[in-house]
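One letter stands for each residue in the lines below.
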Amino acid sequence: MIPDLQRDYCWGNPENNLVKGFVDGLLEMNHNQSITMGLIYGYYNNYMPDYMPDYMPEHLQLCDGQQRLTTLFLLIGMLNRYSDSQGVFKKYLISEEEMEDDKEPYLLYSIRESTLYFLSDLITHIFFTNEIELKLIKEQAWYFKDYDLDPSIQSMLAVLVQIEEILVNKTDINDFGEFLLHDLTFLYY
């Protein structure tokens, strides 16, 4: 969970090359060995906002690592979208129970409810299908005008375009996804 003490997700500016450098760096790594990506900081808190379900009593509240973990979440979603066996990474984005309920993803934002709702819509309408072009997201019925006012959402939209440009000619999407999910680790404090 990204707690409300965090800043907005901000890696979307293509001029700073953060996403391109991050994803290109991951692609260049040796995918046959485990890699530790550095530290993330967080704490567990039993308090959950009213809009969070009761069966989620404890989440890791991130204090540091939001930009990297959000980017990885978006990357896994895009890998799911473009994988040969679409849906192979679905279970890492959202639980089966949530797909039948409120559709809340594993990555939760409590900075603004709009970001949380957008991630839910992004998973169900973009990551689980490739029928909608990314440039048409803002024209969809589920895309609310309030999303235009959320800097995290706007940054995520920009990141999706950048990730798509990187993945467009990749043929080893499934292998890359497996590497990210099973061989990429973080130290946690």
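As a starting point, this report considers the structure included with it. Per chain, residue numbering runs from 1 following the sequence as it is written. Reporting in this predicted model follows two pLDDT cut-offs: at least 70 for local features of residues, and 80 or more for side-chain atom pairs to be given and counted; totals over whole chains, interfaces and linings ignore these cut-offs and use all residues. The basis for every side-chain value is the complete set of non-hydrogen atoms in the structure, without hydrogens or water.

**Regarding the pairing of strand 1 (residues 35-45)**
As judged from the four bridges shared by strand 1 and strand 3 (residues 184-188), these two strands associate in the parallel manner. Within strand 3, the residue paired with Leu-39 across the bridge is Leu-187. Whether two strands pair comes down to DSSP finding at least two bridges between them. A run of H or I in DSSP becomes a helix once it reaches four residues, and a run of E becomes a strand once it reaches two; helices and strands are each numbered from the N terminus. Where strand 1 meets strand 2 (residues 59-64), five bridges bridge the pair, whose relative direction is antiparallel. Paired with Tyr-44 across the two strands is Leu-60, which belongs to strand 2.

**Some words on the layout of surface pockets**
Empty space within the largest pocket amounts to approximately 520 Å³. The rule is simple: put a 1 Å grid over the protein atoms alone, call a set of points where a 1.4 Å probe fits but cannot get out a cavity, call an open set with protein on both sides within 12 Å along at least five of seven lines a pocket, and count a residue as lining if it has an atom within 4 Å of a point. As for the largest pocket, its lining consists of 19 residues, and the residues nearest its centre are Leu-69, Leu-72, Phe-73, Ile-76 and Tyr-92. At the level of elements, strand 1, strand 2, helix 2 (66-82), helix 6 (173-182) and strand 3 are the ones that each hand at least two residues to the lining of the largest pocket. Grid points are joined across faces, edges and corners, and a volume is the space filled by probe spheres set on the points.

**Some remarks on the pattern of salt bridges**
The rule for a salt bridge is simple: a side-chain nitrogen of Lys or Arg has to be within 4 Å of a carboxyl oxygen of Asp or Glu. In the structure shown here, the tally under the stated rule is six salt bridges. In this structure, Lys-135 engages Glu-133 in a salt bridge whose closest nitrogen and oxygen atoms are separated by 3.6 Å. The cut-offs for exposure are 20% and 50% of the maximum accessible area for each residue type, with area from a 1.4 Å probe on protein chains only; residues under the lower value are buried, those over the upper are exposed, and the others partly exposed. The exposed category is assigned to Lys-135, whose relative accessible area is 66%.

**As for the nonpolar core**
Leu-74, Leu-75 and Phe-127 are the most contacted members of the largest nonpolar core, which has 52 residues in total. For this core, the elements supplying multiple residues, two or more each, are helix 1 (18-28), strand 1, helix 2, helix 4 (113-127), helix 5 (151-167) and helix 6. Should any heavy atoms of two residues lie within 4.5 Å, those residues are considered in contact. Residue contacts for Leu-74: discarding those within four places in its chain leaves Tyr-9, Leu-119, Leu-122, Phe-127, Met-156, Val-159, Leu-160 and Ile-163. Buried Ala, Val, Leu, Ile, Met, Phe, Trp, Tyr and Cys residues form a nonpolar core when they are joined through side-chain atoms within 4.5 Å.

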